[in-house]
Amino acid sequence: MFLADVYDGQVWKEHQYINGEPFLAEPNNFALMLNVDWFQPFKNAPYSVGAIYLVILNLPREERFKEENMILVGLIPGPKEPSLNINVFLDLLVDELQELWHGVILEDNSFIGHQVYRAALLCLASDIPATRKCAGFVGHGAYRGCHKCLKTFSKKEFGAKTDYSGFERSSWEPRTFANHIHFAGLSRRSKTKAEQKKLEHEYRARWSELFRLSYYDAIRFVVIDPMHNLLLGTARHVFRLWTENRILSEHSLVEIQTRMGKMKVPCEVGRIPSRISSCFTGFTADQWKNWTTIYSLFCLKGLISNRHYSMWSDFVQACIILCSRVISIHKLEVADRYLQTFLSKFVNLFGTLQCTPNMHLHLHLKECMLDFGPVYSFWCFSFERFNGLLGKYNNNNRTVEVQIMRQKLALPWASGFGEQFESILRPHMVGTLQHDETTDMTYLRHMVLVSAEKPFLDNSLVTALPPFTQIILDECDTSAMLEMYSHMYPDNGITGIDSFAMTCKRVTCVNVTYSIDDSRAEKSAYVYARWCSNINSFEEASVRIDPLAEERPGII
């Protein structure tokens, strides 16, 4: 039997029918995966913003994690991560998930024009800290810090390091959903914080808003992310120990870099790690994957002892198998045995106090893959990439979460604010452009100065400010602008627009500076004007500008 995608996992198969009713067996029902992670929007400032994502598991794997198919549910404001849980941010999401579970009517291209659609959250994939905050578990450093079993992790004395060893899996008592929900409910109903803290310490369970979902399995649906667990976790930890204990000297690191430079690998491997000589600082998850599965065994040969090389070889063999796009049940068993052997050798070489929570979770990876298929179905590479995209959005270092969300959604302000909103906004907007009978403002996709032999803009009123960028307008832009100018200047008889243009991000009009929303030099300009009747379709050349559209606020 082979595991090729989430559809081959036990969870997907068991949810074809729920209580005798078809769920995933129906074409209009969807399975969702949730991810929560934090990223740094500033390069040199300790500021963390959280992101909540949803992914539709019904999509093929090659489409599932594309940017346009991932749903950014919301952002968790910084500057610091919540310490215990994120229930206040999950509350609204769970309300909508409950509606989706019962069914919502959506317009579509079917014969009748609409159908009932349902969805269920069947998977939660995040790193260890985010999983604990989202899924109702205590921290991974707790006495019973595993979210899959009740294995205890003890300390010899107060202040000492926690011992995460003890890899005899047969002695681990598995967690059960019923007990976890029961103890989490006791914690939620506690009358004082002291009582709540005592219950959480005793039963190792916290309340999560996800528990309001009637179908949700708090234990089984929470998977272990192999990217953080294997690559950013154990692989990095082993090399840190090697460098700290001088098992790998500076000369060895230089030799490793030299050997890597001589290797020829296929183009699909991706970026080659180039900072080995600086003790692997700044490695991305993808670089750790390439280093571990492709380069490491060749580059380390003869530079470390045979015992360390044998230990590392077992880990590499397990990673190579587990990181396969398609994996058989037999191969999964082989990888699990490699991990058990690796852990045994690691304890013999480094001792029990160097074991980490990730090493304990290695032995739970097999059950996660049996439930959800190969690692490509649920690991967090795509979410990390999405975090990087959000972190690159322009902002003015204030209310960064709001600015990121606006740029991501790329939506204008909704209509229907009415006279109340107008009376609030107009007195406080700097650079507000008032609408009168002689001004017919329409929605501008970009501020573009079009080169023409007879300019039809009054340069005495509008002055473009540098810097300028030369561009070539595509057919969509020229069609939209031609439509716009035909309404703004109906008597000019404009029949064509030059495709060569200069763009700018700031202009002055009547001694007031206006800027588009991604300008870093000026604040975004708020205007009150008439806009397109259907801005969402502006990218279509057939869009019609409605001169009768109501006045409402917007951002250039």
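Residues numbered from 1 in each chain as written. Predicted model: local features only at pLDDT ≥ 70, side-chain atom pairs only at ≥ 80, totals over all residues. Heavy atoms only, no water.

Enquirer: How do you make sense of the packing of aromatic side chains when you look at a structure like this?
Expert: Describing an aromatic ring pair means giving the distance of the ring centres and the angle of the ring planes. For the structure shown, the criterion picks out 25 aromatic pairs. Between the aromatic rings of Phe239 and Trp242, the centroid separation amounts to 4.8 Å while the plane-to-plane angle is 70°, which identifies the pairing as edge-to-face. Residue Phe239 and its partner Trp242 are located together in helix 7 (residues 226–244), separated by three residues, close to a single helical turn. No difference in accessibility class separates Phe239 from Trp242, as the two residues are buried. Taking the centre distance of 6.5 Å and the plane angle of 65° together, the rings of Phe372 and Phe378 count as edge-to-face. (Phe/Tyr/Trp six-rings, centres within 6.5 Å; stacked < 30°, edge-to-face > 60°. Helix = DSSP H or I, 4+ residues; strand = E, 2+ residues; numbered from the N terminus. Buried < 20%, exposed > 50% of the residue type's maximum accessible area, 1.4 Å probe, protein only.)

Enquirer: Would you take a moment to explain unusual backbone geometry for this structure?
Expert: The bulk of non-glycine residues show a negative phi, and the bulk of peptide bonds are trans. A cis amide bond links Gly78 to the next residue, Pro79, at an omega of 10°. Inspection of the secondary structure puts Pro79 in the loop between strand 6 (71–76) and helix 3 (87–102). Between Pro466 and the following residue, Pro467, the backbone shows a cis peptide bond with an omega angle of 5°. Mapped onto the elements, Pro467 comes out in the loop between strand 12 (462–465) and strand 13 (469–472). Notably, Asn19 is not glycine yet its phi reads approximately 55°, a positive angle. By secondary structure assignment, the location of Asn19 is in the loop between strand 2 (17–18) and strand 3 (21–22). Residue Arg246 is not a glycine yet carries a positive backbone phi of 60°.

Enquirer: Looking at this structure, how should I read the environment of Ser187?
Expert: Following the sequence through the fold, Ser187 ends up in helix 5 (residues 177–188). Judged by its relative accessible area of 1%, Ser187 falls in the buried class. When the C-alpha atoms of Ser187 and Tyr203 are compared, they prove to be 9.0 Å apart, with 16 residues separating the residues in sequence. The contacts of Ser187, once residues within four sequence positions are left out, are Gln196, Leu199, Glu200 and Ala205. A polar contact of 3.2 Å, which involves the side chain of Ser187, links it to the side chain of Glu200. (Contact = heavy atoms within 4.5 Å. Polar contact = N/O pair within 3.5 Å; in protein donor to acceptor, adjacent residues only side chain to side chain.)

Enquirer: When you look at the nonpolar core in this model, what are you seeing that I'm missing?
Expert: Ranked by size, the top nonpolar core spans 129 residues in total, and within it Tyr216 and Trp291 carry the most contacts. Both of domain 1 (1–136 + 208–223 + 379–441) and domain 2 (226–372) provide at least three residues apiece to this core. In contact with Tyr216, other than residues within four places in its own chain, are Leu121, Leu124, Ala135, Phe177, Leu210, Phe211, Phe221 and Val222. Within the second largest apolar cluster, six residues are counted, among which are Leu473, Met481, Tyr485 and Ala501. (Core = buried A, V, L, I, M, F, W, Y, C linked by side-chain atoms within 4.5 Å. Domains from an automatic or database assignment.)

Enquirer: I'm lost on the pattern of salt bridges in this one. Help?
Expert: When the charged atoms of two side chains lie near each other, side chains of opposite charge can form a pair. Within the structure shown, the criterion is met by 14 salt bridges. Between Asp5 and Arg64 there is a salt bridge, with its nearest N and O atoms 2.9 Å apart. Taken together, the positions of Asp5 in the loop between strand 1 (2–3) and helix 1 (10–14) and Arg64 in helix 2 (residues 61–64) put the pair 59 residues apart, joining distant regions of the chain. By the burial criterion, Asp5 is buried, and Arg64 matches it. With its nearest N and O atoms 2.9 Å apart, the salt bridge here joins Arg220 to Asp371. One end of the pair, Arg220, is in the loop between helix 6 (193–203) and strand 9 (222–224); the other, Asp371, is in helix 13 (residues 365–372), with 151 residues separating them in the sequence. Each of the salt bridges in this network shares a partner with another, and the network as a whole consists of Asp91, Asp95, Glu209 and Arg212. (Salt bridge = Lys/Arg side-chain N within 4 Å of Asp/Glu carboxyl O.)

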